[in-house]
Amino acid sequence: NQVAMLQEYVKCFGSGDMQAHIAGSRHWIKDKGPAVESYIGFIESYQDPFGVRGEWEGFCAVVNREVSAKFQVLVEAAPRLLP
C-alpha cells in the first residue's frame with residue numbers, strides 16, 4: 001500500500017492531477033497498523049477573509065509498540081480512573 005500510495009503522489013505532484021492524490025489516499029487508508037506511517041496532503045479547510053484556505057501537511061510517524069501497549073492499558077483503565 002505504501003509504495004502504491006507514493007507512486008500516486010508522484011503522479012499528482014508531477015501533473016497536478018488531484019484524482020491521483022485521491023487514489024494515493026485510498027491506498028493510505030488501507031495500510032492498517034504500519035510501523036512507519038507517512039502522509040502528504042490536505043488536512044483541513046478554513047474560512048478566511050478571502051474565501052476558503054486549505055491546509056497542507058506532510059508527516060512521518062514511527063510506532064513504538066512497547067510504549068503503545070502501555071498506553072493501551074491506561075486507556076482501558078480510563079472508565080475506572082476517571083470519575
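You'll find the structure just up there.
What you see is a predicted model, and the numbers here were worked out from it, not measured in a lab.

A.B. asks: Can you help me understand a nonpolar patch on the surface in this one?
C.D. replies: On the surface, Val67, Phe71, Leu74, Leu81 and Leu82 cluster together to form a nonpolar patch covering roughly 490 Å² of accessible area. Judged by its relative accessible area of 52%, Phe71 falls in the exposed class.

A.B. asks: Teacher, can you tell me more about the pairing of strand 2 (residues 51-62) here?
C.D. replies: Each regular strand shows side chains that alternate between the opposite faces of the sheet. The pairing of strand 1 (residues 36-48) with strand 2 spans twelve bridges and is classified as antiparallel. Directly across from Tyr46, in strand 2, lies its bridge partner Arg53. In textbook terms, the turn of a hairpin is the stretch between consecutive antiparallel strands, and for strand 1 and strand 2 this stretch comprises two residues.

A.B. asks: Looking at this structure, I do not really get the packing of aromatic side chains. What am I missing?
C.D. replies: Pairs of aromatic rings are described using the distance from one ring centre to the other and the angle between the two planes. Evaluation of the coordinates by the stated rule reveals four aromatic pairs. Ring plane angle 40 degrees and centroid distance 4.5 Å describe the contact between Trp28 and Tyr39, whose orientation is recorded as tilted. With a gap of eleven residues between them, Trp28 in helix 2 (residues 18-30) and Tyr39 in strand 1 connect regions that are remote in the sequence. Tyr39 sits in the buried class, given a relative accessible area of 11%.

What counts and how
- Residues numbered from 1 in each chain as written.
- Predicted model: local features only at pLDDT ≥ 70, side-chain atom pairs only at ≥ 80, totals over all residues.
- Heavy atoms only, no water.
- Patch = residues over 30% accessible without salt bridge, like charges linked within 9 Å, V, L, I, M, F, W, Y side chains within 5 Å.
- Areas by Shrake-Rupley, 256 points an atom, 1.4 Å probe, with all protein chains shown as cover.
- Salt bridge = Lys/Arg side-chain N within 4 Å of Asp/Glu carboxyl O.
- Buried < 20%, exposed > 50% of the residue type's maximum accessible area, 1.4 Å probe, protein only.
- Pairing = 2+ DSSP bridges.
- Helix = DSSP H or I, 4+ residues; strand = E, 2+ residues; numbered from the N terminus.
- Phe/Tyr/Trp six-rings, centres within 6.5 Å; stacked < 30°, edge-to-face > 60°.

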